[in-house]
Amino acid sequence: MNKLQLVVETPRAGKWNHRFIVAQKCRLCESEVAKVIAAARRNPQGKNYLSVSTETAQSVSGRIGKEILVLEGIDVKKLSNTQLRQIIAQLEKRLTDLATLVTDKIDWEKEGKKIRVVRPELTEWEKEFTGLPTLALPWEKDFFWMSAIGLSHLFWLGGVLAGIIAITIILLSI
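Residues numbered from 1 in each chain as written. Predicted model: local features only at pLDDT ≥ 70, side-chain atom pairs only at ≥ 80, totals over all residues. Heavy atoms only, no water.

### A word on the confidence of the model for the chain
Now for step 1: Averaged over the chain, the pLDDT score is 85; the fraction of residues at 70 or greater is 87%.
Now for step 2: Note that residues 138-147 has pLDDT below 50 and, in this model, 13 contacts with residues that lie over four places away or in other chains. (pLDDT = per-residue confidence, 0-100. Contact = heavy atoms within 4.5 Å.)

### Notes on the nonpolar core
Most often, soluble globular proteins keep nonpolar side chains buried together rather than apart.
Now for step 1: Residues Leu71, Ile74, Ile87 and Leu91 are the most contacted members of the largest nonpolar core, which totals 27 residues.
Now for step 2: For this core, the elements supplying multiple residues, two or more each, are β1 (5-10), β3 (49-57), β4 (64-72), α2 (81-105) and α4 (120-126).
Now for step 3: Top contributing element to this core by residue count: α2, with seven residues.
Now for step 4: Beyond its immediate stretch of four places on either side in the chain, Leu91 contacts Leu6, Leu50, Ser51, Val52, Leu69, Leu71 and Phe129. (Core = buried A, V, L, I, M, F, W, Y, C linked by side-chain atoms within 4.5 Å. Buried < 20%, exposed > 50% of the residue type's maximum accessible area, 1.4 Å probe, protein only. Helix = DSSP H or I, 4+ residues; strand = E, 2+ residues; numbered from the N terminus.)

### Here's the deal with the sheet that holds β4
Now for step 1: Read across the sheet, five strands follow the order β3-β4-β1-β2-β5 without closing on themselves; strand pairing throughout is mixed. Every other strand in the sheet has two partners, leaving β3 and β5 (116-118) as the edge strands with one partner each. Looking at each pair of strands side by side, their axes are set apart by 20 degrees on average, direction ignored.
Now for step 2: Inspection of the sheet shows strand β2 (residues 19-22) paired to β5 by three bridges, in the parallel sense. The residue bridging Val22 from the neighbouring strand is Val118, located in β5.
Now for step 3: In this fold helix α1 (residues 30-42) packs onto β1, β2, β3, β4 and β5, with an angle of close to 105 degrees to the strand it touches most, β4. (Pairing = 2+ DSSP bridges. Axes fitted to C-alpha atoms, helices over the stretch in contact; angles between N-to-C directions.)

In structure tokens, the structure reads:
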């Protein structure tokens, strides 16, 4: 089953502007985090995520951007209306904490070089959401190991293996 995880996009990463922030054991690669954030930009609630956001000024340019906090992996259909409201309230509370994290605790000169910034604070925040229903992704039902590798890495591995097989066939035919 899918582990619940928090992912963030902030426009306040110093000179870097937009960056993703994830927990220490986040299984999503950069492109997968980008897809989750893009979905949350379109709709704050999906079948496997809930999100909250706020408009905020970028620290360098002063332009307004959206800071988004997403709880990914949750089976939204299994939540009661009360649970849904409670989770959204918890996420909104964490938006305040996120502002402090982004502006006071992260050294963007050091950590901003990577698009996906790993922070222990999100690991701690995720603990508040234990016990909620999770939604298994299609490939996790039968191939749980694929979530650890990441789907994009699996396609890369398949390409490498195909290349090795092709080279082997060519060498054997010589």
